[in-house]
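# Tertiary structure, described
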Amino acid sequence: MKAEGRITTASGNRRRFATAMAAPPFVILAVMTAYPLIFTVLYSFTNFQLLRKTVKFVGLKNYIKLFTNEYFLQSIGVTVKFTVFAVLFEVAVGFIMALFVESIHRERTAKILRVLLLVPYLLPSVTVALSWRMMLSPNYGIINRTLEALRLPVYNWFSDLHTALPMLILIDIWQNAPFVFLLLYAAMQSVPQSQYEAARMDGASYVQQVRFITVPGIAPVLALCALLRTIDSFRIFDKVNLLTGGGPANSTTTITQYLYAYGIKNLKFGFGSAGAIIMTLIVLVLSCLYIKKAVK
Amino acid sequence: MKMKKVTALVLSGMLAAGVLAGCGSSDGAAAPAASADTQSAPAKAPAAASTEAAAESTSQASEGGEVKGDGQTLTLALRSGTYADVIKDCLPDFESKYNAKTEVLELSEDDLHSKVALDASNSDGSYDLAMVDGSWMAEYTENGVLLPLSDYGYELDDDIIPATTTICYSDDKLYLAPYYGNVTVLLYNKQLAADADYDSGDKIASLDDIKKIADSAKAAGKKGFIYRGDTPNNTVVDFLPVLLSYGGWVIDENNQPTVNTDEFKKAMDFYKELVATGEAQEKDDLIASVDQGNGALGVGWPGWYTPTADTTADYCAITGAVEAGGETHNANVYGVWTLGVPANSQNKELAVELVKYLMDKDVQLSTIDNGGVPCRYSSLQNADVLARYPQYKVVCQALEGGVYRPVISQWTDFYTILGTEMGNILNDQKTTEEGLADAQSQLEELMSE
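Throughout what follows, the structure given in this document is the object of discussion.

Analysis parameters
- Residues numbered from 1 in each chain as written.
- Chains lettered and ligands numbered in written order.
- Predicted model: local features only at pLDDT ≥ 70, side-chain atom pairs only at ≥ 80, totals over all residues.
- Heavy atoms only, no water.
- Helix = DSSP H or I, 4+ residues; strand = E, 2+ residues; numbered from the N terminus.
- Buried < 20%, exposed > 50% of the residue type's maximum accessible area, 1.4 Å probe, protein only.
- Contact = heavy atoms within 4.5 Å.
- Areas by Shrake-Rupley, 256 points an atom, 1.4 Å probe, with all protein chains shown as cover.
- Core = buried A, V, L, I, M, F, W, Y, C linked by side-chain atoms within 4.5 Å.
- Patch = residues over 30% accessible without salt bridge, like charges linked within 9 Å, V, L, I, M, F, W, Y side chains within 5 Å.
- Salt bridge = Lys/Arg side-chain N within 4 Å of Asp/Glu carboxyl O.
- Lys, Arg positive; Asp, Glu negative; His and termini not counted.
- Charge placed at Lys NZ, Arg CZ, Asp CG, Glu CD.
- Phe/Tyr/Trp six-rings, centres within 6.5 Å; stacked < 30°, edge-to-face > 60°.
- Axes fitted to C-alpha atoms, helices over the stretch in contact; angles between N-to-C directions.
- Left-handed = near helix turned anticlockwise from the far one by under 90°.
- Nonpolar A, V, L, I, M, F, W, Y, C, P; charged D, E, K, R; others polar.
- Pairing = 2+ DSSP bridges.
- Buried area = accessible area lost by both parts, 1.4 Å probe.
- Polar contact = N/O pair within 3.5 Å; in protein donor to acceptor, adjacent residues only side chain to side chain.

## Concerning the overall build of chain B
Assigned secondary structure in chain B consists of 17 helices and 14 strands. When the 449 residues of chain B are sorted by exposure, 56% land in the buried category. Taking as baseline every contact in chain B between residues at least 6 positions apart, the subset at least 24 positions apart corresponds to 75%. For chain B, the computed accessible surface area is about 18100 Å², with 47% contributed by carbon and sulfur atoms.

## Some points on helix α10 (residues 283-292) of chain B
Residue and element names in this part refer to chain B. Of all the residues in α10, the buried ones are D285, L286, I287, A288, S289 and V290. Contacts made by the buried residues of α10 are with β7 (185-189), β8 (223-227), β10 (295-300) and β11 (313-316). Just past α10, the residue G293 takes up positive phi, approximately 85°.

## Points about the nonpolar core
In terms of nonpolar packing, the biggest core is built from 91 residues, with I87, M131, Y140, Y154, Y179 and L358 of chain B touching the most fellow members. When residues of this core are assigned to their parent elements, the largest contribution, eight residues, is made by helix α3 (residues 82-98) of chain B. Residues in contact with L358 of chain B, not counting those within four places in the same chain, are I87, C90, L129, Y179, L339, V363 and Q364 of chain B. Ranked by size, the runner-up nonpolar core spans 72 residues in total, among them V283 of chain A together with A217, L297 and A331 of chain B.

## Regarding a negative patch on the surface
All names here are of chain B. Taken together, the side chains of D269, E273, E433 and E434 make up a negatively charged region of the molecular surface. Looking at the negative patch, the elements with two or more residues in it are α9 (262-275) and α17 (432-448). Locating E434 in the fold gives a position in helix α17. A relative accessible area of 44% means that E434 is categorised as partly exposed.

## Notes on the packing of aromatic side chains
All names here are of chain A. In this structure the tally under the stated criterion is 29 aromatic pairs over all chains. Relative to F179, the ring of Y121 has its centre 5.2 Å away and its plane inclined at 35°; by these criteria the two rings are tilted. Of this pair, Y121 sits in helix α4 (residues 107-122) while F179 sits in helix α7 (residues 164-189), placing them 58 residues apart in sequence. You can call F179 buried: its relative accessible area is 15%.

## Observations regarding the packing of α7 of chain A against helix α9 (residues 206-234) of chain A
Residues and elements named next belong to chain A. In the contact formed by α7 and α9, the axes pass within 9 Å of each other and the chain directions differ by 150°. In this structure, α7 meets α9 at a crossing whose hand is right-handed. Mapping the contact onto sequence places D172, N176, F179, V180, L183, L184, A187 and M188 in α7 and T214, I218, V221, L222, C225, L228, R229 and S233 in α9. Partitioned by chemical class, the residues of the contact of α7 with α9 number 11 nonpolar, three polar and two charged.

## Structural notes on the environment of I425 of chain B
All names here are of chain B. Within the secondary structure layout, I425 lies in helix α16 (residues 411-426). Separated by 191 residues in sequence, I425 and N234 place their C-alpha atoms 15 Å apart. If sequence neighbours within four positions are ignored, I425 has contacts with M268, K272, K430, T431, T432, G435 and L436.

## Observations regarding the sheet that holds strand β2 (residues 101-107) of chain B
Residue and element names in this part refer to chain B. Taken in spatial order, the five strands make up an open sheet running β2-β1-β3-β13-β6, and their pairing is mixed. In this open sheet, the two strands that pair with only one neighbour each are β2 and β6 (177-180). Neighbouring strand axes in the sheet, compared pairwise and without regard to direction, differ in orientation by 30° on average. The pairing of strand β1 (residues 73-79) with strand β3 (residues 129-133) spans two bridges and is parallel. Within β3, the residue paired with L76 across the bridge is L129.

## Some words on a nonpolar patch on the surface
All names here are of chain A. Together, V80, V84, F85, L88, F89 and V93 make up an exposed nonpolar region whose accessible area comes to about 500 Å². Here V84 is to be found in helix α3 (residues 70-103). We classify V84 as partly exposed; its relative accessible area is 42%.

## A word on the side chain of N233 of chain B
All names here are of chain B. Along the chain, the position of N233 falls in helix α8 (residues 232-245). You can call N233 buried: its relative accessible area is 10%. Residues within four places of N233 in sequence aside, it is in contact with E109, R405 and Y415.

## Remarks on the interface of chain B and chain A
Counting residues at the interface gives 57 residues for chain B and 49 residues for chain A. Carbon and sulfur atoms supply 59% of the area that chain B and chain A bury against each other, a total of about 4300 Å² over both sides. Along the contact surface separating chain B from chain A lie six salt bridges. For the salt bridge of D110 of chain B with K265 of chain A, the shortest nitrogen-to-oxygen distance reads 3.8 Å. Inspection of the region where chain B meets chain A yields 17 residue pairs in polar contact (both at pLDDT 80 or more).

## A closer look at the sheet that holds β8 of chain B
All names here are of chain B. Taken in spatial order, the five strands of this open sheet run β9-β8-β10-β7-β11, and their pairing is mixed. Across the chains shown, the open sheet's two edge strands, defined by having one partner strand only, are β9 (279-280) and β11. Relative to β10, β7 runs antiparallel, the two being bridged by four bridges. If you follow V185 over to β10, its bridge partner there is G300.

Take a look at the structure:
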């Protein structure tokens, strides 16, 4: 009886100790995530403008305004286009980079390459944007100068309707493909070498080995890369804002750029919050689809 | 066991307290609630607070004369670039004379606007002096962001170019002091202009002359007119001198949008032809284009470029005439950077002293060698200054005939809508008629909100 009582007390203590230990992260999560999220949702139903002293409940007005605004709908289209192309190419380029480094047998060379290939990902986005702006300048940019020297046509890359969005996608691929490379390269290390040896003995070509051993072996990580890059690409802002400001003629206005121009810059946080909620829901739906697919 | 429990509780308590410590709400912060017609109650109306403090300070000033600091630090929120540099050069002298310290925060235009606005909701402000763009004036004064400088005994003197002071007052009270005389000018490449028979800026007397130079440059395989098409704001601002030359404007006397008028359409059609001779570039590229002779001309600001006898580019005032000998209009648009003191500054008296000091005739004259452009006759018409920097004659002319962007609280939304539609027109996504009709309807909706 006495022993039973001691056991009950001990397990109760353990539970209380566990609760106490788990409390700080819960508090942090509540303060850092739940609190801002709840307020963003509340703001989205108001006409909250930072400088105005009065705040009025406006129901779904902000949401209706967004969904009836041709430029917001256009910005969803631009964001989707940007995300699809950026994610596809980042995964493809990252995969090719990983295969290339994996195929190098000299450890020292592979090590140097790994570090060099990672450099773009380590740079801050602002630095990347400004560096590319200089390189693509129509006056002093090295790219136009080189094209001129080769007698090829030159472009005003960020001000041309046909080149502005592709350039933003290209810069994003340049910066983020190394992230995909890093994850895929690590995943490739876990594919058993014996499978490759067996395939080689059976006369499988390099392409067949990649297709039937490497890709199935790293499939969950490929899905994870696509998921992470999709979430990140959907929220693209810094490069767009710095390089094109959403122009020319709104052709590069993503959802975040639209919200900045129409909701944050003019301090209309109520309207901006409604847009942010819509964007979060879109990303959430996309993420769920990916996760569902990846779990299958 | 008991010790473990106590330690765990103390640790988790400390962590939670640490997190919550940074979340104290400020007295004046407007906390919206999702109920109909709720109204937040700021701790103290800024205007009332400033009047009380003004009365207090006036008595202090009258007894003690000039306000001196007691070693406190003033925080300045300034527009980065030359605008901040000229002020920073003057600060050491102010610090020693007034026994104060200063800290300067250099910000981009958008950051400056939002940071000052965000800070306005705090009862104790972080900034003591802020650079303010004229177009923010209505928004700031309507919401009590700025301190009435006249309540603290500061008034503008007659030496300041009168046209630059028009937006500085609200309800007969002075809120802003025009500090940096930014005004649109026509930046042109001397050689490309000379190739079109315009060997001096004085000869560029109309929009037709501008078009002739642009056409001549294009015919020579160069870019003609370069404009900033990167943001709606820049698109609108670069176009306004053309619109003014055609006698148009973006709002009428009742603040109703007037962007679908005959004048606007004519100006837009002319501008479309003009920009077709060149291309859209961002600011640094525009300057480089004109300086290197890759482009003939563009709308610029004195703070961007310092022309001398040796430079390849120069600037002149935009005359406001469509054709030579035709009717002229005030066509130079102000981007004057003014100085204001936030109403929640914690060092109001000393901050006003800093405004007085920076606006002083002699101090302003001393900034010229560092790129300063005072809005003062005594600086811009000074014989020594003109001998060294002849371009100040042009700046003075431009400032005398300048026009501020509309002083309406909706200006940020206004130029976003208008600039977006203009971008569509200039990039052939919409016809002039379609774009302007769409802009007009959206702007009417905005102004009726």
